[in-house]
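# Architecture and fold: a report
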Amino acid sequence: MLPTRLRDWRAKLSAKAKQEKKYRFYSLYGLVSDPETLRAAWAQVRANGGAPGVDGLRVEQIEEQGVEDFLGELTKELREKSYRSGAVRRVYIPKANGKERPLGIPNVRDRVVQTAVLLILEPIFEADFLECSYGFRPGRSAHQALEKIRQNLAVGRSTVYDADVEGYFDSIPHEQLLACVRMRVVDGRVLRLIQQWLEAPVEERKQGGSGPRRRRAQKGTPQGGVISPLLANIYLHWFDHAFHAAQGPAHWANAVLVRYADDFVVLARTWTWELQKFVEEKVEGWLGLKINRAKTRVVDLREASARVDFLGYSFRLDRDRHGRKTRYWNMHPSAQALARERAKLRTMISRRRCWQPLPALIGELNRHLRGWANYFRAGYSRDAFRQINRLVRARLQQHLRNRSQRAWKPAAGTTVYAHLQNMGLLYL
């Protein structure tokens, strides 16, 4: 819960932005550097936790050294305009296709200032963002985006342009992005803060290398920075705007755009070359991004075996299982999402975890399974849940055998299923 004064500031900024669509805000730095804003920003950073940045300083260490001193020093730096952004630590996380996704982790102090800027800028730009955008926005979710797709399939927009923007967060042009921010914000001090974060050096440590290497970012906003999702939405908002303008395909092609950050689909009753040309010219020629042609495709979902994957779900037109000739739009966890979950469960239930007491392991599994199921409970997920249930029980049965040199078996008169159920294992 934000402090009352900060909530009032955000409400006034939002009201002004909604009333005057061309108004440009010129005095925001005082709100960003206000101790109350920074204290609320610290609370959010502390709640989110996360790894340390280049300076190695953790949230817990700041708490030990004194939060008030930390925030007081940060307030002083901002007010004296002596604040300088630190470098961003580059790490890589594995992707389902075997490749790696680069993440940029700012220092904790930079995350606090970024959060303060986010708290002030978010209500301004939220007043402009369109209904088609669902990612990283308050009160909006992936499930809403998925439901929007399902609704449009049901009314006949079954031809889908499934787009993949290549390396979006790392390829946003700085000059054009700042120009988009200046459409609403002309406070030079706030703009200089954003420019610092965009141009912050990236430090990368290679395994077996001689030491860290730093390079200055020429474009992009670090995926992992607090302010990055808002900046990413600000830049792609102009694609949303062009799509829904009077000369856009929302009018002349009756097409629908559903976007979650840099992932988007366009749905139409029939696909035309003009529609595809509009999308690709705006994304590549106008915004300076790159569409991955190998992963981008146009799919007519009324064709046999056709499907589209979006946000971990697959959409396809299926026949009724009870033998009736009726067909329905099936929305279920995608094969890729199931493969990722199986890989995760194999890691969680393995020989390397034999040291962990079984109740603790089951508690950890339950927390993970509950989160996974809450996301994939939409649509028709019964078959996927059954697959996961079978895998978990089979892995745990083998795990019980591996924990001891003696062959494990359930007590007489019971089963492995009953034993695991008695221990509280969640059943999806």
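In what follows, the accompanying structure is described. Sequence positions are assigned chain by chain, starting from 1 and proceeding in written order. Local features are withheld for residues below a pLDDT of 70 in this predicted model, meaning they are given only at 70 or higher, and side-chain atom pairs are given and counted only at 80 or more; totals for whole chains, interfaces and linings count all residues. The side-chain numbers reported here are obtained from all heavy atoms of the structure, hydrogens and water having been left aside.

### Here's the deal with the state of the cysteines
How we decide: A pair of cysteine sulfur atoms is labelled a disulfide when the two atoms are within 2.5 Å. Using a 1.4 Å probe on the protein chains alone, a residue whose accessible area is under 20% of its type maximum counts as buried, one over 50% counts as exposed, and one in between counts as partly exposed.
Scanning the entire structure with this criterion turns up zero disulfides. Of the cysteine sulfurs around Cys-132, a residue in no disulfide, the closest is that of Cys-180, at 15 Å. For Cys-132, a relative accessible area of 6% corresponds to the buried category. Here Cys-180 falls in the buried class, since its relative accessible area comes to 12%.

### Let's talk about helix H3 (residues 35-48)
Applicable threshold: Put simply, DSSP marks the helices as runs of H or I at least four residues long and the strands as runs of E at least two long, and each gets a number from the N terminus on. The span you would expect from a helix comes to 1.5 Å times its residue count less one. Only heavy atoms matter for contacts: two residues are in contact if any of them lie within 4.5 Å across the pair. Whenever two N or O atoms come within 3.5 Å, that pair is a polar contact, provided that in protein one can donate a hydrogen and the other can accept it, and provided that, for residues adjacent in sequence, both atoms are side-chain atoms.
End to end, H3 covers 20 Å across 14 residues, agreeing with the expected 20 Å (1.5 Å per residue, within 8%). Every buried residue belonging to H3 is among Thr-37, Leu-38, Ala-40, Ala-41, Trp-42 and Val-45, and all of these are buried. Those residues of H3 that are buried are in contact with helix H1 (4-19), helix H2 (29-32), helix H4 (59-65), helix H5 (67-79) and helix H6 (108-126). Its side-chain oxygen at 2.8 Å from the backbone nitrogen of Glu-36, Asp-34 defines the N-terminal cap of H3.

### Concerning the pairing of strand E10 (residues 313-319)
In plain terms, the rule: Note on pairing: two strands pair once DSSP finds at least 2 bridges between them.
Buried residues dominate E10, accounting for five of its seven residues. What sits between strand E9 (residues 308-310) and E10 in their antiparallel hairpin is a turn of two residues, with Leu-311 showing a positive phi close to 55°. Pairing between E10 and strand E11 (residues 327-333): seven bridges, direction antiparallel. Looking at the pairing, Asp-318 lines up with Tyr-328 of E11.

### Section: the packing of H1 against H6
We apply this condition: Helix axes use the C-alpha atoms of the stretch in contact, all axes being lines fitted to C-alpha atoms, and the angles between their N-to-C directions lie in the range 0 to 180 degrees. Throughout this description, any angle smaller than 35 degrees is read as roughly parallel, any larger than 145 degrees as roughly antiparallel, any in the 65 to 115 degree range as roughly perpendicular, and the remainder as oblique. Helix crossings get a hand from a simple test, with the near helix turned counterclockwise from the far one by less than a right angle marking a left-handed crossing and a clockwise turn marking a right-handed one.
In the contact formed by H1 and H6, the axes pass within 7 Å of each other and the chain directions differ by 30°. Taken together, H1 and H6 sit at an angle that is classed as roughly parallel. You can see that H1 and H6 cross each other, and the crossing is right-handed. Taking contact as the criterion, the partners of Leu-6, Arg-10, Leu-13, Ser-14 and Ala-17 in H1 are, on H6, Leu-118, Leu-119, Ile-120, Glu-122, Pro-123 and Ile-124.

### Section: the sheet that holds E11
Read from one edge to the other, the open sheet built from three strands follows the order E9-E10-E11, with strand pairing classed as antiparallel. The open sheet has two edge strands, E9 and E11, and neither has a second partner. Within the sheet, the average angular offset between the axes of one strand and its neighbour, ignoring direction, is 30°.

### Regarding the sheet that holds strand E2 (residues 100-105)
Spatial strand order, E2-E1-E4-E5: four strands in an open sheet with mixed pairing. The sheet terminates laterally at E2 and strand E5 (213-216), the two strands that pair on one side only. Strand-to-strand twist across the sheet, computed as the mean angle between neighbouring axes with direction ignored, equals 35°. Here strand E1 (residues 88-94) runs beside E2; their pairing, made up of six bridges, is antiparallel. Within E2, the residue paired with Arg-89 across the bridge is Ile-105.

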